[in-house]
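This is what each chain is made of:
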Amino acid sequence: MRRYIGEKVKNNMAGFASARVERLIRDAGAQRVSADAKNRLNEVLTEYGQKVAKYAVEIARHSGRKTVKESDIKLAATKGLFENNFPSKIFS
């Protein structure tokens, strides 16, 4: 459930399904996955996804559009990785 408060969005739910996050870790080669590992990766992916989405919205608005397109997401994901402050808090 999301609650919109001004420009900020508060999430009351985790970002991704726990089973899907576990599958990502297992596909990377893990035989066993702890609940804490699944939860932490879920937090990291959710935070990163929110930052990419926010940057994509800025790109769309700058282009004079209300609709976020696939190209906005691609640009936000690739451009954001190379900016100094973009993923700074994700990996701490």
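Residues numbered from 1 in each chain as written. Predicted model: local features only at pLDDT ≥ 70, side-chain atom pairs only at ≥ 80, totals over all residues. Heavy atoms only, no water.

Peer 1: Explain the overall build of the protein here, please?
Peer 2: When helices and strands are tallied, the protein shows 3 helices and 2 strands. Across the protein, helices and strands are ordered from the amino to the carboxyl terminus as β-β-α-α-α. Looking at the protein as a whole, 21% of its 92 residues are labelled buried. Put simply, 41% of the contacts in the protein that link residues at least 6 apart link residues at least 24 apart. (Helix = DSSP H or I, 4+ residues; strand = E, 2+ residues; numbered from the N terminus. Buried < 20%, exposed > 50% of the residue type's maximum accessible area, 1.4 Å probe, protein only. Contact = heavy atoms within 4.5 Å.)

Peer 1: Can you walk me through helix α1 (residues 18–27) in this structure?
Peer 2: For the α-helix, the turn length of 3.6 residues means that residues three or four positions removed from each other point alike. Along α1, the residues classified as buried are V21, E22 and I25. Down the axis of α1, the sector holding all buried residues measures 100°, keeping them to one side. Exposed positions of α1 whose direction lies more than 90 degrees from the buried face are A19 and D27. Of the residues trailing α1, G29 is marked for its positive phi of about 120°. (Arc of directions from axis to C-beta.)

Peer 1: Which parts of the structure should I look at to understand the nonpolar core?
Peer 2: Within soluble globular proteins, side chains that are nonpolar tend to cluster in buried spots. With 5 residues, the main nonpolar core is built from V52, Y55, A56, I59 and A76. With 4 residues, helix α2 (residues 35–62) is the largest single contributor of residues to this core. (Core = buried A, V, L, I, M, F, W, Y, C linked by side-chain atoms within 4.5 Å.)

Peer 1: Help me understand the pattern of salt bridges in this model?
Peer 2: When charged atoms on two side chains of opposite charge get close, those side chains can pair. Under the counting rule described, the total for this entry stands at 7 salt bridges. A salt bridge links R40 to E43; the nearest nitrogen and oxygen atoms lie 3.2 Å apart. With a gap of 3 residues between them, R40 and E43 both fall in helix α2, about one helical turn apart. We note a salt bridge from D72 to R65, for which the minimum N-O separation is 2.8 Å. Here D72 falls in the buried class, since its relative accessible area comes to 3%. The network of salt bridges with common partners includes E22, R26 and K38. (Salt bridge = Lys/Arg side-chain N within 4 Å of Asp/Glu carboxyl O.)

By themselves, these observations are geometric and do not establish any function.
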